[in-house]
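# Commentary on secondary and tertiary structure
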Amino acid sequence: MLCQAGESLGLGMNYWGKAFPDGGWRHLCLHSVDVAATLYILLESDSLLSKRVERASPIPFRDTLQILTFLAAVHDLGKFSLPFQNLRPELAKAFGLKAAPEYAHHTILGLNLWETRDLTGRICFPHAEAFLPLVVAALSHHGMPNGTAREPRRIRRCFDGTEEDALRFVDEAALFFLPVFPDVALRDESFRRLSWLAAGLFILADWIASNSLWFGPDTTWTSIADHWDSACGHAAKAVTACRVASAQSSHTTSFHELFPHLPKAAAPSPLQQAVMDLEAAQGPELLIFEDLTGGGKTEAALLAAHRAMRSGHATGVFVGLPTMATANAMYARLARSYQALFAIPEASLVLAHGSRSLNEDYLATITPLERVLSSDSSDGGTLCAEWFADNRKKALLAPSGVGTIDQALLAVLSTKHQALRLIGLTRSVLVVDEVHSYDTYTGTLLQNLLTFQAALDGNAVLLSATLPQAIRKQLVEAWRRGRLLAGADVGGDSPHMTAFPLMTRVSDGEVQETPVGTLRTLNVPVELTDDPSIMYAELSKAAAGGACACWIRNTVADAVEARRKLVEELGLPPSRVLLFHARYAGCDRMVREQEVLTRFGKESGAAERAGMILVATQVIEQSLDLDFDLLLSDLAPMELMIQRGGRCHRHERPRPDGYRTPRMLVLSPPPDDDAPRSWYGDYFPSGQWVYPRPALLWRTARLLRDKQRLLLPDEARELVEGAYGNGDLVAPATFDPKEDQALAKDCSDRAVSMYASLNFEPGYDLGSGVWEQDVDALTRLGQPSHRVRLIRHDGQGLRLWASEHAADTSARACMRSEIRVDMTKLAQAAMPSGLEAALNALKQAMPDKARRGLCLILREATQDHWVGAGTNRNGKGVEVRYGPDGLEVD
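Residues numbered from 1 in each chain as written. Predicted model: local features only at pLDDT ≥ 70, side-chain atom pairs only at ≥ 80, totals over all residues. Heavy atoms only, no water.

Another point: the sheet that holds strand β3 (residues 286–290). Strand order in the open sheet made by the eight strands is β5-β8-β4-β9-β10-β3-β11-β12, with mixed pairing throughout. The sheet terminates laterally at β5 (349–352) and β12 (510–515), the two strands that pair on one side only. In this sheet, neighbouring strand axes are inclined to one another by 15° on average, regardless of whether the strands run parallel or antiparallel. With four bridges joining them, β5 and strand β8 (residues 400–404) adopt parallel strand pairing. Residue V350 lies in a different strand from β8, and its bridge partner there is G401. Its contacts with the sheet put helix α21 (residues 418–427) on β4 (316–321) and β9 (428–432), and the angle it makes with β9 is roughly 95°. (Pairing = 2+ DSSP bridges. Helix = DSSP H or I, 4+ residues; strand = E, 2+ residues; numbered from the N terminus. Axes fitted to C-alpha atoms, helices over the stretch in contact; angles between N-to-C directions. Contact = heavy atoms within 4.5 Å.)

Listed below in C-alpha cells is the structure:
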C-alpha cells in the first residue's frame, strides 16, 4: 500500500549519498531530492530546453516534467546497496549495515534492482517498455547506458537488509512526483527520442546538485515534502551561479552593433546581407554558406546564429574548426564581438580543445563563481564562468564556444557523458567551418552529428570555400534524416545549383538555394614546376627583395628539410626563416603560432614581414588569416590548393617591387597523359601517404597547368568538380589500382565510422552503439599515436619541459610539455641509467601520475638540441631529437 502524497514511509536506517573530505556526509535521500529539484529548476528556467523536451515527448509537457523529476529523484537507487555504502566503511558500520559482497557500480545495481523488482509495474507506469529508455537514462547517469539483465541472486546479496528502504523511497517519490497519466497510446519507441535529452539532463542535474557550495553536509531526513521547497531554493541558486540556463539573445539587428570591432564604414558582404534579408526562422534549419576564403563566412554564420536566437530556436553558438590552431585563431576573432549576441554582458565564451590550457588569453578570462555573481562581473571584456571551464565535457553547455570539431563529434560517439555534450549542442547553433577538409571517417561522423542535431530540433551552419557537390548533397541528406526522425516533413528537391557563391537553406519541407554576389575575387597566376631548385631560388629571391613568402609542404619531414637547406646551403639568416608544423611540445607550438600570426597576419606591418620566409605544413592552410607576397606549395588536392592560394595577397597592403601582383608556384610532377603509376610517389615519397589518390592529384595538376591561374568565383565549381572527376578530364589508367585501393579504404573508413557512431533510433540504450568503459573514442583515423611528455635532464635533476623549476608539476605544465607521436615510430621510451627513482618521483608529483602515454627523458647534446632514446613498434632502438625543428625520430 503506497503512502499518501507528502507522507513519509520512514526508512529503517541512515544512508549516505555524498561524502566530503572533512568527514561530513549528505543523506542519500536528501541528495536524491536535490537532483530532482535541480532538474525541475533547469527545465522551469530554461524555455528552450523545456521546448526541446516538449517536442520530443508524446505526452503533455507538465506530465513529462513530473516523470523526469521522479526519475531524477530515484537516479541513485543503487546507492542503497551494500557495496556502495561500504565505500565509506566507517559510515556503513555506524549505520549498522552488513559488509559488502563483491563490488558492483551503483548505477548497474540500481538498474538491475528496478528490473528484478519490476518497479515500472509497482509505480503503475502504463507501458513498461515505452518508459525503459528514460529509466536507463536516469539510472545510468554516470555517462553511458548500463544493461538491464536480471540478476536476482546477486541483487538480493547487494541489497540484503536495505532493499525495503530503497523500495519505500521509490514509493514515496512516485506519490509525490508522478501525475495521473493521460489517456494516450504509447508504443515501445515513444520515449526513445526524449531519452537522449533526458540522459544529458540527469547528468547535468546530478553534477550541479553534487556541489557542496550549495548542497553541503546534512544528515537529517524526514520526507520529500519537508525537503522539496528547500531543495528547489538551493537548486535555483546553483543553476543561476553556474550560468547554465539558456542566455537571452540581444534584440539588435544592426550589423555594426553585432560586429563592433569592424570599421564603421564596413558594409555587409553580399552573403552577410543575404542572411540579414532572410525571414525569421520558423523552426530548425540547416544553412550552408559557400564563398571565397576571406569572404566573411564567419560573420555570416554569426548573423545566422543570432537570427535563430532571436526567433527562439537557439540560445547560443558553438564554432567547430579542423585544428587547435584554427580554433585558437577563431577564439581571438570571436572574443572581440560575441557579447553583442547576448542581452547580458557576462555571457561566457569557452575555448574547447585538448590544449586550451596553453592559451594564455583564454585562461585570463576564466572568472570564479563569486565574481560571476557579483554586480561587477563584467568589465566589457571576454568572460568565461569557471564552472564551464573546469571540464571540457561542460564546455558545450556555455552560451558561446569555439573549439575543434572533435569536441562536438564526441556527442555522437559512445564515449562517457556524450549526452551532456548533446544537450549543449542542441541549444546552440552548430557552426562547422572548413567542412570540405575532413576525410571519409570524420566526414561520416559529421553527417551523423547533423542527423542528431536535426532530430533534436537543433540548428546548424556549415561553411566552405571549396565544397564538392556530392558532399553538399550528403550533408543535406544527413540533416533530412534527422528531421524525419523528429517526425517532420522532409519534402523538397535535393540541392542541385552550381552557382558560386551560394547559400543553401534546408528547412522542413523545403530546400532553398540562393546565389549571392561577392566583393572578393581570387585571381592568382599559377606556375607548375617539377624542379625543386626553382622553389628554393624563388624563396631566396623573395627574401633578398624584402618580400615575405611561404612554402606549404605536405609533410613535416619535407618542411624541416626545406628550412634546413634554405639556412645551411643557401645561407639565409636562421632568424628570417620560420618553421611551423604540429610536431612541437605545446608550449613551443603556441610561441611559434603567435609569431606566425604576428609576422604574417592581417595586422602585420612592413617591418614584421620584410624578407621573412615561412616553411609550414597544412596547419596554416585553413582558418588562419595569413597574407603572403609570394606563395609556394607542394601539389595537393584542388580544394586545398584553392585554400593555399587564398593566402596570397589576401589583404590590400603595400607590396615590395616585383611582388605587387600575386603569384603561386606549385611543385608538381608534369601531368602528362602517359604518367606512370608512381607518378606522385616518385616526387613526394612521404606525401603519397598523406594524399593517396593519384587521379585526383593528376586532375588537379592538369587543371592548374591548363588554366595557369586560380580564378574565383568564376571557375570555382569547374576547378573543384573537375578535379574530382565530374568534368571532361580522364586520368591515366595506370592510376586505377591505386584509385581502387583508395576507394576501398574510403568504404572501410565509412564502415568503421558508422560502427563507431551512435544510432539515434534505439534511444539512450546499449543497443544504440558500441559502449565500452575507458576506451578513447576516435574522432579522426590515422596512424595510432600517443602523448609523449618531454622531461629535461639538465644535470641538476629532472623537470617537465615547460617548467622553469622541478617543483612545477601542475596539470598545465604537463600539457605544455606534451607532443603527440606516431606509436609505430616511438612505442617505448628508454630509461637512462640511474634515473629510475628520480623519474618515478616526478611522475608521482604529477596530477595524473603520468598514467597515459610516455615520459621521454631528454638531455642537451648541443645548445638548443636535446636527445633521448626509445624503441619503435618492432622493438628496434631509435634516437629521438628535439630542438628548433621540432621532434624527430630516427
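Taken in spatial order, the seven strands make up an open sheet running β15-β16-β14-β17-β18-β13-β19, and their pairing is mixed. If you trace the sheet from one side to the other, it starts and ends with β15 (577–580) and β19 (709–712), each paired once. The average undirected angle you get between the axes of adjacent strands in this sheet is 20°. As paired strands, strand β17 (residues 630–634) and strand β18 (residues 664–667) are joined by four bridges and run parallel to one another. Bridging across to β18, S633 finds its partner in V666.

What follows is about helix α11 (residues 192–209). For α11, which comprises 18 residues, the first-to-last C-alpha distance of 26 Å matches the rise-based estimate of 26 Å (1.5 Å per residue) to within 8%. Of all 18 residues in α11, 16 are buried, a share of seventy percent or more. (Expected span 1.5 Å × (residues − 1). Buried < 20%, exposed > 50% of the residue type's maximum accessible area, 1.4 Å probe, protein only.)

Looking now at the environment of M276. Note on placement: M276 falls in helix α14 (residues 270–276). Under the relative-accessibility criterion, M276 is labelled partly exposed at 30%. Linking M276 and L113, residues 163 residues apart in sequence, is a C-alpha distance of 55 Å.

Once that is clear, we can look at the confidence of the model for the protein. Residue-level pLDDT values for the protein average 90, and 96% of them are 70 or greater. Low pLDDT, under 50, characterises residues 1–6; the predicted model gives this stretch 10 contacts beyond four residues in sequence or across chains. Every residue in residues 375–380 is under pLDDT 50, and counting partners more than four places away or in other chains gives 10 contacts. (pLDDT = per-residue confidence, 0-100.)

With that settled, consider unusual backbone geometry. Note the cis peptide between F500 and P501, where omega equals 0°. Mapped onto the elements, P501 comes out in the loop between α23 (469–485) and β11 (502–507). Residues L712 and P713 are joined by a peptide bond in cis, for which omega reads 15°. Relative to the elements of secondary structure, P713 occurs in the loop between β19 and α31 (716–723). For H649, which is not glycine, the phi torsion reads 55° and is therefore positive. Judged by its relative accessible area of 17%, H649 falls in the buried class. If you check the backbone angles, A850 has positive phi at about 55° while not being a glycine.

Turning next to the packing of helix α10 (residues 163–177) against helix α12 (residues 224–242). Helix packing geometry: the angle between the two helix axes and the distance between the axes. Between α10 and α12, the shortest axis-to-axis distance is 11 Å and the interhelical angle comes to 60°. Taken together, the axis directions place α10 and α12 in an arrangement best described as oblique. The handedness of the crossing between α10 and α12 is right-handed. From α10, F169, E172, A173, F176 and F177 reach across to α12, where they touch I224, A225 and W228. A breakdown of the residues in the contact of α10 with α12 according to their chemical character gives seven nonpolar, no polar and one charged. (Parallel < 35°, antiparallel > 145°, perpendicular 65-115°, else oblique. Left-handed = near helix turned anticlockwise from the far one by under 90°. Nonpolar A, V, L, I, M, F, W, Y, C, P; charged D, E, K, R; others polar.)

Right, let's talk about the side chain of Q85 for a bit. Checked against the element boundaries, Q85 lands in helix α4 (residues 82–85). Here Q85 falls in the buried class, since its relative accessible area comes to 0%. A polar side-chain atom of Q85 sits 3.0 Å from the main-chain carbonyl oxygen of W16. Leaving out residues up to four positions away in the same chain, Q85 has contacts with Y15, W16, L28, K79, F80, A92, F95 and L97. (Polar contact = N/O pair within 3.5 Å; in protein donor to acceptor, adjacent residues only side chain to side chain.)

Let's shift gears to the pattern of salt bridges. Side-chain pairs of opposite charge can arise whenever the charged atoms involved come near each other. A complete count under the given rule lists 51 salt bridges for this structure. Between D76 and K79 there is a salt bridge, and its shortest N-O distance comes to 3.1 Å. The exposure class of D76 is buried, given its relative accessible area of 1%. K79 gets classed as buried once you look at its relative accessible area, which sits at 4%. The partner of R307 in a salt bridge is E285, with the nearest N and O atoms 2.8 Å apart. Of the two residues, R307 is situated in helix α15 (residues 297–310) and E285 in the loop between α14 and β3; the sequence distance between them amounts to 22 residues. Residue class for E285 comes out buried when judged on its relative accessible area of 4%. Members of the salt-bridge network, linked through shared partners, are R55, R193, D457, R483 and D508. (Salt bridge = Lys/Arg side-chain N within 4 Å of Asp/Glu carboxyl O.)

What follows concerns the nonpolar core. In this structure, F70, L71, W114 and F289 are the most contacted members of the largest nonpolar core, which totals 184 residues. Setting aside chain neighbours within four positions, we find F70 in contact with W114, I123, F125, V170, A173, A174, F177 and L178. Grouped together as the second largest cluster of nonpolar side chains are 92 residues, M612, L614, A616 and F628 included. (Core = buried A, V, L, I, M, F, W, Y, C linked by side-chain atoms within 4.5 Å.)

Take the environment of S337 next. Structurally, the position occupied by S337 is in the loop between α16 (324–334) and β5. Sequence spacing of S337 and L258 is 79 residues, and the spatial spacing of their C-alpha atoms is 6.8 Å. Setting aside residues up to four positions removed in sequence, S337 forms contacts with L258, F259, P260 and H261.

Our next topic: helix α28 (residues 638–645). With eight of eight residues buried, α28 lies mostly within the body of the structure. Here α28 has its buried residues at M638, E639, L640, M641, I642, Q643, R644 and G645.

With that settled, the discussion passes to the environment of S230. Mapped onto the elements of the fold, S230 is located in helix α12. Distance from S230 to D34, taken between C-alpha atoms, is 9.0 Å for residues 196 residues apart in sequence.

Turning to the side chain of S246, a few remarks are in order. Note that S246 resides in the loop between α12 and α13 (255–258). Of the residues examined, S246 reaches a relative accessible area of 14% and is grouped as buried. Of note is the side chain of S246, whose polar atom sits 2.7 Å from the side chain of D46. A polar contact of 3.2 Å, which involves the side chain of S246, links it to the side chain of T315. Not counting residues within four places of it along the chain, the set of residues in contact with S246 comprises D46, L48, T315 and R427.

The next thing to look at is the packing of aromatic side chains. Scanning all chains against the criterion turns up 25 aromatic pairs. Look at F176 and F177: their rings are 4.9 Å apart centre to centre, the planes differ by 80°, and that puts the pair in the edge-to-face class. Each ring, one from F452 and one from F760, has its centre 5.1 Å from the other, and the planes form 85°; the classification is edge-to-face. Of this pair, F452 sits in helix α22 (residues 440–455) while F760 is found in the loop between α32 (736–756) and β20 (785–793), placing the two residues 308 residues apart along the sequence. On the basis of relative accessible area, F760 is assigned to the buried category, the value being 6%. Taken together, the ring pairs in this structure connect W196, F452, F760, Y764 and W771 into an aromatic cluster. The aromatic ring of Y536 is capped on one face by K565, whose charged end is 4.6 Å from the ring centroid. For R792, the ring lying beneath its charged end belongs to W866, and the centroid distance is 5.3 Å. (Phe/Tyr/Trp six-rings, centres within 6.5 Å; stacked < 30°, edge-to-face > 60°. Lys NZ or Arg CZ within 6 Å of the ring centre and 35° of its normal.)

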